[in-house]
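# Observations on chain architecture
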Amino acid sequence: MINAALREIPEYIKGYGKVKPFEGAFKNINKAQKANVSLNCKSSNDDKVVSSIEEVLKKCGIRDGMTLSFHHHLRNGDYVLNMVMEEVARLGIKDIKVAASSIFPIHEPLVELIKSGVVTGIYTNYMSGPVAQAVSLGYLKYPAIMHTHGGRARAIESGDLHIDIAFIASPACDTYGNINGVEGRAACGSLGYAIPDAMYADRVVAITDNLLPYPLCPIEISQEYVDYIVAVEEIGDPKGIVSGTTKITKDPVGLKIAKLASSLIEESGLLKDGFSFQTGAGGTTLAVAAYVKEIMKRKNIKGSFAAGGITGYIVEMLEEGLFTSLFDVQCFDLKAVQSYRDNKNHQGMSASMYGNPHNKGAVVNMLDVMILGATEVDTDFNVNVTTGSDGFIMGGSGGHSDTAAGAKLSIVTTQLIKGRLPIVADRVTTVTTPGETIDAIVTERGIAINPKRKDLIEKLKGSKLPIMSIEELKNLAVKITGIPQRYENNGKIVGVVEYRDGTVIDVIRQVQ
Amino acid sequence: MKLRRSMLFIPGNNPGMIQNAGVLGADSIILDLEDAVAVTEKDSARILVRNAIKTLDFYNSEIVVRINPLSTDFGFEDIKEIAKVKPHALLIPKATEEDIKACDDILKRIEEYERFENNHIKLFPLIETAYGLENVYNIIKASDRVEGVLLGAEDLTADLGIKRTREGEEIFYARCKVASACRAFRVDAIDTPFTDLNDYDGFVEDIKKAKSIGMTGKAAINPRQIDTIHDVFAPSKEEIEYAKRVMKAQEDAKREGKGVFSLDGKMVDAPIIQRADTILEKAKLSGLL
């Protein structure tokens, strides 16, 4: 069948089940139901601290076929996922589904577990490195299910993704299971992505290298959700957890794109008192923040909030009074961790509060402007951030689709040509984010506004910005690169891309 | 009037940078076959630059190619290959009067052969020796193709055996001499690049200094320098306002049949009107009006 993103998808996918086709970004958000949670209650006699991962797995009743979840705040420095899965394999358990909010190169040991059948399923919002490659090559038994950050929270809360045991990597944890991310050698700041797991999993295990006396203060994930605690030597490598500093690009083309994007924001009329804003941590998107900051200072604009993964740069904007508050689901650098710990205006948010379409209102709905990246964009404004043009998985939505749907103005910033490839194409390899939620594509050679945004097009009439149609933009690129031969692929389905509402927006096929 | 506030050097052997050169907003782009290119890559860079000019769109930037000195084996070969694709101009390093005449000659022949219009390809002598500096007037006079002079202070100070400093007092004379000679022929005087990319304040001071002496533009070695150069060379708000009032006063005077008129109690004469006119023209081209 053909879904609303005009992608051909099967009605039934083996290892996934019946497919609910994507019907449109805002078709499916009226009513929702949350799942019941079963729990083992504790009395004052119960001790939660367990001596080893093996023991905790046994106490949680580990068995074949279970779904184990992990969060990714320790990013490419995370030891917890590998540590737990190694023990699972040693116990001879098979057919495990790993629900990790993101998977990084450090999780390479999963590849062997996939090949040996210990791991047969993956739910994730983003994956890069050897595991992504192994999935692309078809080693995983069932198709990997790619969520968005908000979509994962929705899936967990609705019961679509039922977690048997959640493992919470905990930079600080007390003996009764209160957790925060701001203390200890593996301090990573906000633990926003782990919160739905803690609230909805059947069993919740805190893994910590910083076991502290009761009570911990501050508390981010509280004792009421945590069944067991295991102390280990190290939960992660601080170097891989947060980069020392995130830096603004020096690439002149990136700066040019950022400058154009900031001018577009200024001319959109949204940049006024009460302005709210989100960018990623990439060099170009940070440069947009830098230019926006300049404009805000020049015009004496006091913004409302910035949200998302938070960088030191956004923290500086808070400290300079350009925003009154930050919503932080994940800290990208040490400055952000420090600010999250010390500044009461730097607030945490859960993945659900951040982007879940099926709650009573997510933070993304309050965003004025979102700056997004892209691997490919097509002439329908669909964006791919999931696969490379060679078909290999190299990322995923993360918060891309959530913020695009929520923000009043979602801007994709990208070079028009990367390497030898035109980035604007007739058809993206994989649809991650539907074009109806993307308002503008900003490249170094021109800006395309989604024709659906007639109000914005009207507003920009008479603007000096290099505005053109998306087809013109594509032709500019193709004139330089020629039309690359498409990588056609009819192999077996190795991944299912779920939109934030749980419908299927696209599938990923095995790289031949 | 063509604005030539910034002339950005782009290495002639870097396809990625050449491909994107047109989006950076420089008034001129100098595709460099000389210092940026190692001897072993001279021929391939020449081919790359030739094909880039033939196929790429550089939008509103004019294309200038810095060839190798005519005293080397590469200089004339560069001209023969590059002139065929009609760049706006060639930049001639270590230029002498004889070099400019020789370039003029060979370009004339190429233009005839290729059936280009006469004097289509312009010249920018690069003044970077004491010998060239002292003869800059005659160098400009040597060909109608000369549209401007670029002062190269690094080589010049090396030739003079003196130290190049952040403040640039050592090139004060050279700047004045070049600016004055250029003005005599109504051609552009382009100042030497500022090489410390991390010294923003020093950079701004350096441009201001050059502008105050009469240099009309500045060479850039990094795209990040372009906006700053344009900002400093842009007429200020006050200058624009004053120029507008001069023009208005002139119109009023004309209407009232007055030959001579004053503004703010000061007599306005031809040079003031001309300066006001130039400022408004520049402001228009800079997008300030």
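Residues numbered from 1 in each chain as written. Chains lettered and ligands numbered in written order. Predicted model: local features only at pLDDT ≥ 70, side-chain atom pairs only at ≥ 80, totals over all residues. Heavy atoms only, no water.

### Quick word on the overall build of chain B
Assigned secondary structure in chain B consists of 12 helices and 10 strands. In terms of overall size, chain B behaves like a compact globule, its C-alpha atoms giving a radius of gyration of 20 Å where 289 residues would be expected to give roughly 19 Å. Projected onto its principal axes, the C-alpha positions of chain B cover 65 × 45 × 35 Å. By the burial criterion, 51% of the 289 residues in chain B qualify as buried. Of the contacts formed within chain B by residues at least 6 apart in sequence, a portion of 71% connects residues at least 24 apart. (Helix = DSSP H or I, 4+ residues; strand = E, 2+ residues; numbered from the N terminus. Rg over C-alpha atoms; globule rule 2.2 N^0.38 Å. Buried < 20%, exposed > 50% of the residue type's maximum accessible area, 1.4 Å probe, protein only. Contact = heavy atoms within 4.5 Å.)

### Looking at the sheet that holds strand β3 (residues 49–50) of chain A
Residues and elements named next belong to chain A. Here 10 strands make up an open sheet; going across it, the order is β3-β13-β11-β8-β4-β5-β6-β7-β28-β29 and the pairing mixed. Edge strands, defined here as strands with exactly one partner in the open sheet, are β3 and β29 (504–509). Across the sheet, helix α2 (residues 80–90) lies against β4 (67–70), β5 (96–100), β6 (119–124), β8 (165–170) and β11 (203–208), angled at about 160° from β4, the strand it touches most. (Pairing = 2+ DSSP bridges. Axes fitted to C-alpha atoms, helices over the stretch in contact; angles between N-to-C directions.)

### Quick look at the UniProt feature "binding site: substrate" (unreviewed entry) in chain B
Residues and elements named next belong to chain B. Here the UniProt-annotated "binding site: substrate" (unreviewed entry) positions come out as Arg66 and Glu128. Of the residues just listed, which span 63 residues, no C-alpha pair is farther apart than 13.6 Å, and they cluster in one region. Relative to the helices and strands, arginine 66 resides in strand β3 (residues 62–66). In this view, arginine 66 contacts Phe9, Ile30, Leu31, Asp32, Leu33, Glu34, Asp35, Leu91 and Leu126; residues no more than four positions away in its chain are not counted. Here glutamate 128 shows up in the loop between β5 (122–127) and α5 (130–134). (UniProt positions renumbered as here; feature names shortened; annotations may be inferred.)

### Points about the packing of helix α8 (residues 252–268) of chain A against helix α9 (residues 283–298) of chain A
All names here are of chain A. The interhelical angle for the contact between α8 and α9, taken along N-to-C directions, is 45°, at an axis separation of 8 Å. The pairing of α8 with α9 is recorded here as oblique in orientation. Remark: the crossing between α8 and α9 carries right-handed chirality. Here Gly254, Leu255, Ile257, Ala258, Lys259, Ala261, Ser262, Ile265 and Glu266 of α8 lie close against α9, whose contacting residues are Thr284, Ala287, Val288, Tyr291, Val292, Ile295 and Arg298. Of the residues assigned to the contact of α8 with α9, the class counts are 10 nonpolar, three polar and three charged. (Parallel < 35°, antiparallel > 145°, perpendicular 65-115°, else oblique. Left-handed = near helix turned anticlockwise from the far one by under 90°. Nonpolar A, V, L, I, M, F, W, Y, C, P; charged D, E, K, R; others polar.)

### Regarding the UniProt feature "binding site: Mg(2+)" (unreviewed entry) in chain B
All names here are of chain B. Taking the numbering used here, the UniProt-annotated feature "binding site: Mg(2+)" (unreviewed entry) corresponds to Glu128 and Asp155. Spanning 28 residues, the named residues nonetheless gather at one spot, since no C-alpha pair among them exceeds 5.3 Å. For glutamate 128, the side chain forms a polar contact with the main-chain nitrogen of lysine 94, separated by 2.8 Å. Assignment of secondary structure puts aspartate 155 in helix α7 (residues 153–160). For aspartate 155, a relative accessible area of 29% corresponds to the partly exposed category. In this view, aspartate 155 contacts Asp35, Lys94 and Glu128; residues no more than four positions away in its chain are not counted. (Polar contact = N/O pair within 3.5 Å; in protein donor to acceptor, adjacent residues only side chain to side chain.)

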